[in-house]
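Each chain, letter by letter, is given below.
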Amino acid sequence: MTSTTTNPETLSVLDRPNSYIGKTVPRPNLDRLTQGRGLYVSDMELPRMAHVVYLRSPYAHAKIIGIDAAAAKQLPGVIAVVTGPELAAVITPWVGVLTHLKGLKSAPQSAIAIDRVCWQGEAVAAIVATSRAVAEDAAELVAVDYEELDAVTDMRTALDPQTPVIHASLGDNLAFERSLDAGTVDAAFAESDAVVEAEFVFGRHTGVTLEPRAVVADWNPGDSRLTIYQGTQAPHMVQNIAALHLGLEESQIRVVCKDVGGSFGIKVHVYADEMATYALTKLLRRPIKYVADRIESFNTDIHARDHRCKGKIGVKRDGTIMAFEIDDITGIGPYSMYPRTSAIEANQVVNLVGGQYTTKNYRARTRVVFQNKNVMCQYRGVGHPIACSVTEGLVDLAAMKIDMDPVEIRRRNLIADDAYPCASPSGLKFELLSHHASMDKLIGMMNYDALRAEQAALRKKNIHRGIGIASFIEVTNPSAAFYGVGGAKISSQDGVAVRLDAQGSVICQTSITEQGQGSESLTAQIVGSVLGVSMGKVRVILGDTDNTPYGGGTWASRGAGIGGEAALQAAKVLRRNVLDVAAAILQASPAELDIVNNAIVNLDDGAVRIELRELCRIVYFRPDTLPPGIQPELMATRHFVPREYPFAFTNGVQAAWVEVDTDTGFVKLLRHWVVEDCGTIINPQLVDEQIRGGVVQGLGAALFEKCIYDERGQLTNANMADYLVPMSGEMPDIDIGHVVSPTFETELGAKGAGEAGTAGAAAAVSNAVNDALKPFGAFITEIPLTPQVILSALGRI
Amino acid sequence: MKASAFSYARATSVVNAIELLAEHGDRAKVLSGGQSLMPAMNLRLISPELIVDIGDLTELRGIAVTGDRLRIGALTRHVDLLNSADVAKHAPLISEAITHVAHAAIRNRGTIGGSLAHADPAAELPASMVALKATIIVEGPAGERQIAAEDFFTGIYETALEVDELLVAVEVPVAQRNSAHYFSEFARRHGDYGIVGLAAQAVVDGDILTDLRLAYFSVGDRPVLAMAATKLLNVAVTPAVLLEASETLGEELDPQEDQQASVSMRRHLAKVLLARCVATLLGRPELSAGEVL
Ligand SMILES: Cc1cc2nc3c(=O)[nH]c(=O)nc-3n(C[C@H](O)[C@H](O)[C@H](O)COP(=O)(O)OP(=O)(O)OC[C@H]3O[C@@H](n4cnc5c(N)ncnc54)[C@H](O)[C@@H]3O)c2cc1C
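Residues numbered from 1 in each chain as written. Chains lettered and ligands numbered in written order. Predicted model: local features only at pLDDT ≥ 70, side-chain atom pairs only at ≥ 80, totals over all residues. Heavy atoms only, no water.

Visitor: I keep staring at the sheet that holds strand E3 (residues 50-53) of chain B and nothing clicks. Help me out?
Guide: Whether parallel or antiparallel, the strands of a sheet pair through hydrogen bonds between backbone atoms. All names here are of chain B. If you walk across this open sheet you meet the three strands as E1-E3-E2, and the pairing is parallel. With partners counted over all chains shown, the strands left at the sheet margins are strand E1 (7-10) and strand E2 (28-31), one partner each. Each strand axis lies, on average, 25 degrees off the axis of its neighbour in the sheet, ignoring direction. Taken together, the four bridges between E1 and E3 define a ladder with parallel strand orientation. Within E3, the residue paired with Tyr8 across the bridge is Ile51. (Pairing = 2+ DSSP bridges. Helix = DSSP H or I, 4+ residues; strand = E, 2+ residues; numbered from the N terminus. Axes fitted to C-alpha atoms, helices over the stretch in contact; angles between N-to-C directions.)

Visitor: What should I look at first to understand the side chain of Lys441 of chain A in this one?
Guide: Residue and element names in this part refer to chain A. With respect to the element layout, Lys441 can be found in helix H12 (residues 435-446). The buried charged residue Lys441 lacks any salt bridge, with Asp688 as its nearest oppositely charged partner at 10 Å. One polar contact links the side chain of Lys441 to the main-chain carbonyl oxygen of His738, over a distance of 3.4 Å. (Buried < 20%, exposed > 50% of the residue type's maximum accessible area, 1.4 Å probe, protein only. Lys, Arg positive; Asp, Glu negative; His and termini not counted. Salt bridge = Lys/Arg side-chain N within 4 Å of Asp/Glu carboxyl O. Polar contact = N/O pair within 3.5 Å; in protein donor to acceptor, adjacent residues only side chain to side chain.)

Visitor: What's the story with the site of the ligand in this structure? I'm lost.
Guide: Residue and element names in this part refer to chain B. Taken together, 29 residues are adjacent to the ligand, and Val30, Gly34, Leu37, Thr111 and Glu124 come closest. Interatomic distance of 2.6 Å between a side-chain N/O atom of Glu124 and a nitrogen atom of the ligand. At a separation of 3.1 Å, a nitrogen atom of the ligand approaches a polar side-chain atom of Tyr193. When the ligand sits alone it has 960 Å² of accessible area, and the protein chains cover 88% of it. Looking at the shell around the ligand, the elements that each hand over two or more residues are E2, helix H7 (112-118) and strand E10 (166-173). (Near = heavy atom within 4 Å. Areas by Shrake-Rupley, 256 points an atom, 1.4 Å probe, with all protein chains shown as cover.)

Visitor: Could you clarify how one ought to interpret the domain arrangement of chain B in this entry?
Guide: As a measure of interface size, the accessible area lost when the parts come together is often cited. All names here are of chain B. Domains assigned within chain B are domain 1 (7-53), domain 2 (63-173) and domain 3 (180-289). Tallying the contact residues gives twelve residues for domain 1 and 15 residues for domain 2. Both sides together, the interface formed by domain 1 and domain 2 hides about 1000 Å², and carbon and sulfur atoms give 73% of it. Looking at the side of domain 1 facing domain 2, the largest losses of area belong to Ile18, Ser32 and Gln35, adding up to 44% of the total buried there. There are zero salt bridges connecting domain 1 and domain 2. At the boundary of domain 1 with domain 2, the tally comes to one residue pair in polar contact (both at pLDDT 80 or more). By residue number, the principal contributor to the side of domain 1 that touches domain 2 is helix H1 (residues 14-24), which donates five residues. Among the residues making up the side of domain 1 that touches domain 2, the classes are represented as six nonpolar, five polar and one charged. (Domains from an automatic or database assignment. Contact = heavy atoms within 4.5 Å. Buried area = accessible area lost by both parts, 1.4 Å probe. Nonpolar A, V, L, I, M, F, W, Y, C, P; charged D, E, K, R; others polar.)

Visitor: What's the story with the pairing of strand E6 (residues 123-129) of chain A in this structure? I'm lost.
Guide: For a regular strand, side chains alternate in direction, first toward one face of the sheet and then toward the other. Residues and elements named next belong to chain A. The buried count for E6 comes to seven of seven residues, which makes it a mostly enclosed element. Here strand E2 (residues 50-56) pairs with E6 via six bridges, running antiparallel. Paired with Val53 across the strands is Ile127, a residue of E6. Pairing between strand E4 (residues 78-83) and E6: five bridges, direction antiparallel. In the strand pairing of E6, Val78 is matched with Ala129.

Visitor: Where do I start with the packing of aromatic side chains in this structure?
Guide: Remark: the centre distance and the inter-plane angle together describe each pair of aromatic rings, the angle taken between the planes. Residue and element names in this part refer to chain A. For the structure on display, the rule yields 13 aromatic pairs over all chains. Ring geometry for Tyr59 versus Tyr146: centroids 5.2 Å apart, planes at 75 degrees, classification edge-to-face. Taken together, the residues Tyr59 in the loop between E2 and strand E3 (62-68) and Tyr146 in strand E7 (residues 143-148) connect sequence positions 87 residues apart. Judged by relative accessible area, Tyr59 falls into the partly exposed class, the value being 26%. Geometrically, the ring pair formed by Tyr483 and Trp555 is edge-to-face, given 5.5 Å between the ring centres and 70 degrees between the ring planes. Of this pair, Tyr483 sits in the loop between strand E21 (464-476) and strand E22 (494-500) while Trp555 sits in the loop between strand E24 (538-541) and helix H15 (559-586), and the two are 72 residues apart along the sequence. Both residues of the pair, Tyr483 and Trp555, count as buried. (Phe/Tyr/Trp six-rings, centres within 6.5 Å; stacked < 30°, edge-to-face > 60°.)

Visitor: Would you take a moment to explain helix H7 (residues 272-284) of chain A for this structure?
Guide: Residues spaced three or four apart along an α-helix face the same direction, because each turn holds 3.6 residues. Residue and element names in this part refer to chain A. Under the 1.5 Å per step criterion, the end-to-end length of H7 is 18 Å for 13 residues, consistent within 8% with the ideal 18 Å. Counting buried residues in H7 gives ten out of 13 residues, a clear majority hidden from the surface. Along H7, the residues that are buried comprise Ala272, Asp273, Glu274, Met275, Ala276, Thr277, Tyr278, Ala279, Leu280 and Thr281. Among the residues trailing H7, Arg285 stands out with phi positive, at a value near 55 degrees. (Expected span 1.5 Å × (residues − 1).)

Visitor: So what exactly am I meant to see when it comes to the sheet that holds E4 of chain A here?
Guide: Residue and element names in this part refer to chain A. Taken together, the seven strands give an open sheet; going across it, the order is E4-E6-E2-E14-E11-E12-E13, and neighbouring strands pair in mixed fashion. Each edge of the open sheet carries a strand with a single partner, namely E4 and strand E13 (253-256). For this sheet the average axis-to-axis angle between neighbouring strands, irrespective of direction, equals 20 degrees. Sheet strands in contact with H7 are E2, E4, E6, strand E11 (214-220), strand E12 (225-230) and strand E14 (288-291), and its direction is about 25 degrees off that of E11.

Visitor: Is there a simple way to explain the domain arrangement of chain A in this structure?
Guide: Residues and elements named next belong to chain A. Each assigned domain of chain A is listed here: domain 1 (30-38 + 493-640), domain 2 (42-149 + 212-260 + 266-300) and domain 3 (384-475 + 646-793). Taken over C-alpha atoms, the centre of domain 2 sits 38 Å from the centre of domain 3. Taken together, the contact between domain 2 and domain 3 spans nine residues of the former and eight residues of the latter. Between domain 2 and domain 3, roughly 760 Å² of surface is buried when both sides are summed, and carbon and sulfur atoms account for 52% of that area. When residues of domain 2 are sorted by the area they lose upon contact with domain 3, Ala60, Gln120 and Phe298 head the list and together hold 61% of the total. With a closest N to O distance of 2.9 Å, Glu148 and Arg712 form a salt bridge. If you look at where domain 2 meets domain 3, you find four residue pairs in polar contact (both at pLDDT 80 or more). Sort the elements by how many residues they give to the side of domain 2 that touches domain 3 and helix H8 (residues 294-300) lands first, with four residues.

Structure follows, in structure tokens:
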């Protein structure tokens, strides 16, 4: 596997001696985690802590007639059995809507179901006991009397008049609808030499985290404060929501987020069972721990991607794409998720389709419907994989129709690298992208022509290999346009505070969070570089609302671009402050001095003037020796939010090389390439591994992962044996290259990189499989591409 | 996902284990490698009152060749099968099959006795035993019984074992001069149970198959010994002969449908395996391509 970079940009503040920017340095948390000394919520024990198990509905839709917990309450070790109405005394219900998603509606959702369950897995009672095992024993003794109701499961018929309405108060099962009509679509189709249509089907899947969702909630009546230990991506969001629904001030809630065993967007939401756990500690006045087990994770962790999207493309014989049109539908479960809502993915699909191409003619509609299945919401790549698969699938279909090479048709339509700034038909603003440079680089890395020759040679031997290309755009560094403008109290700004201790080490508090992607590392790299301090002397504190600045956290590929810029700016101020003090001590001018390698040096000859450690000693213990009037300020705080562009768009292109066994329908992934442009690269290894991890999740979607529901709304494969996550044995080598187009909205120039891999991987694989199947006249627009799907398409079974 | 409470006994001898089983009947469960039992207990699919751990019974461990029989003790772990020179020499089908069983961590604990007693219709070892004409040796209060592998597996997770019996060993005839074998399965991921699999043991005389046992797995409630094999014996195998065998196979198999595969897909894959098996055994790759499917 290779990793290569072209045109690395150098940046003033960061282009300093001993800069860590652009270097692969080991992450500061590596030893702690590899030595098993991390602190995950799952491992936490507090005095008097009790464990909660949620008894969950076996039905997708049912009335709760009665709950008899008498026997369960008798079991030794059981502390309480709490039902929905009982818990409602301490926590209010919520409605997952945002005002900028016009017309989005949802029904009030309670922490524990009150009189009706709306999906298989919704909690109907909390059993609190001295251990999880006892609570599970007790759960078996709780008798719930249900009256099963008709379940709405098929999104295609959810809006039919004969389908029952899940929430009568809403009038119908339509949560959200959006239409867009840009340019002159009908005329463009009329002028096209070929028009191709297809329906793309995406399996519902989920993000499988190594550590399940976990909370320890501890209400301390003594100081009227609630401490929530939770593996979350957004501690301040959790603080706000918990306060709102428990009737507390935000200052009464502290959210602590230590190590998190994987997240991928699964842990950026607030779940009913987590809310119930906060409420239970208030009710029972003792620490309560909730750790989802694997089965309830499958049944309650948000699902994603369940879309059916009809697409249409018009193309000229010379390859010019004339127009795109899509009609998308998605089923999101019975409630719009709180607080980010379940309309975002569909909204993204409408925003993103065709966004990498020049055509201005684009019509789209999406409909988001309720069903009696688990809730759906944002998971790594939100909407991008769907938009990319539809767009790139259509482009390949068009290419096939006019008999043009897939790379060639893309080259003729991708927005030119010198056309920026510009906007997409859906109104997305692009500051600077590099579609063509990226494509050129990819073609070189994969040796496209040689691969085509190999493909042709092997075909003669009845070996069917395919090449798939997928270019994409990606939303990163979101401003308030994402959630804030819609009324969600989810901060889009982040803050970083840096200070020197009395020995010249740096303590850095940041509002972004770490779930394995390297937030801690990139923050230390930036602060160390800007300050001139070695990374080992920078300690980064994250995930604690009492001890970090206010901010959004880590999601939507925003940690490096937004939190990183705040770190840079804070470190710059601290550096200035240090140099001011140094100048006073040394009777020099700050402009003649620099900080390098933990010491104040002369800017011109690099001679060491005073160690930082010594400067700190003087400032903290002998301020009496400083010149009069000097008040050193060895702490600085800065916040940052993008203001000019609502999102920093990035771009990239992926390619897959696969072999299809046409007798068995099995697909072998032979190799995968990605060229990606995330602007300034802070840590190449972190970026590359983020991309690889993202690709693997995309490959999971392409070939393996699917939550399989039956017609009664039962999730039938809620375990690790039947829900197939991608594993290393099936993964190809993934080569990564970069093109660097920094954003000029920040000094750092970094855009997001965490979701790029997921955005295009499935599209590349689908296109590759279809390329392999070309001699058979089959074209599949459904994922996962299981052997059953492929054999059916080939007419073999 | 915590098992409900249970009692635990560590058996001190085979006799002691059998006594415990006899005393507690179907409320007790033998614990061998625990790789199937523990997940089932943690999922509360079963809640035995007593666990009889046979881990200390060294007499149940080990691989030995006596005369023309290869004997494998029930406690022999998958990894031991994988690494055994005796198994590789005398029953290479097992050496190959075992690479498809789960992952290294599971193979380090899982045992052949556990796998056979568990009798998962998708498991590799039961079918291999049927292909190899193995004898399963069990011991109970009334003494030892020898059961032909073909008769041992009686249904999904069901065997001829009585609740008070312990599986102590298996014996397979050692490979003969012209013995050949074939093992393959279609699994979505490495280590998964196969959607369809085939363990085959044959005797090849020049380009003629003089014996052929085709034990399919994942196509029924137990390993299925395909009678289609008889169509291929003692004849020059032409595409037409293979096609006829393939059709017979399609008729005799009655596979189940599940999330991975429909009935017709299972039949189809079984035929693919037949063609590939015969092509491999006879060293004639052309037989596995084309119309025979
Ligand atoms: C993730 C995973 C993947 C797996 N994949 C595969 C696979 O691909 N193919 C495959 O074949 N297996 C697979 N397995 C199962 C594995 O091979 C088990 O090791 C095997 O099925 C059982 O062996 P064990 O020694 O662990 O038995 P245990 O789990 O200890 O016992 C299994 C059952 O057999 C009974 N039993 C055990 N020993 C005896 C005995 N001597 N006499 C009477 N009864 C006994 C027990 O009471 C229990 O009912 C997988 C397991 C896991 C966890």
